[in-house]
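The primary structure of each chain is shown beneath.
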Amino acid sequence: METKKISRLSVTEKALELIWELEKKHGELMFYQAGGCCEGTQPQCFEKGGYFPRMNDAMIGTVNGHEFWIDRDLFEYWQYSHFTLDVLEGFGPGGFSLETPLGKTFKVHYKLFTPEELKNLEDVKRSE
């Protein structure tokens, strides 16, 4: 019997509602969480193809079918954590993300995996 793999990513209902709104307006989406100075480490939402992950960046899962990518260096630091995508009222750093004009910003909450969970995590996809 195969054990179900543990997801690295989940989404709050509030964030999912915003994603549905963005889907209606923009179509297919993608998320990217960088570690740079302008965007901080908050996830950014783009139209699919509006941002291209760098070589060896990590896709840790999908949110409502949309890929969620992490900067390769940031992933090395956060690879032992579960990500929960949430949304807050206000403007995040950078302002490049699709939710910014709506006065909202995506945020991630982190929880460390237990040693047992670490043994059974879903694989990540790496960009080429």
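Residues numbered from 1 in each chain as written. Predicted model: local features only at pLDDT ≥ 70, side-chain atom pairs only at ≥ 80, totals over all residues. Heavy atoms only, no water.

**Describing the pattern of salt bridges**
The full count for this structure, using the stated rule, is 6 salt bridges. For R126, the salt bridge goes to E76, with nearest N and O atoms at 3.1 Å. Taken together, the positions of R126 in strand β8 (residues 125–126) and E76 in helix α2 (residues 72–78) put the pair 50 residues apart, joining distant regions of the chain. Judged by relative accessible area, which is 28%, R126 ranks as partly exposed. Measuring nitrogen to oxygen at the nearest pair gives 3.4 Å for the salt bridge that ties E117 to K111. Residues joined in a network through salt bridges with shared partners are R54, D57 and D71. (Salt bridge = Lys/Arg side-chain N within 4 Å of Asp/Glu carboxyl O. Helix = DSSP H or I, 4+ residues; strand = E, 2+ residues; numbered from the N terminus. Buried < 20%, exposed > 50% of the residue type's maximum accessible area, 1.4 Å probe, protein only.)

**Here's the deal with helix α1 (residues 13–26)**
Taking 1.5 Å as the rise per residue, α1 with 14 residues should run 20 Å; its terminal C-alpha atoms sit 20 Å apart, in good agreement. Listed as buried for α1 are A15, L16, L18, I19 and L22. One side of α1 carries all its buried residues, which in axial view fall inside an arc of 160 degrees. In the stretch just after α1, G27 is the one whose phi turns positive, near 85 degrees. (Expected span 1.5 Å × (residues − 1). Arc of directions from axis to C-beta.)

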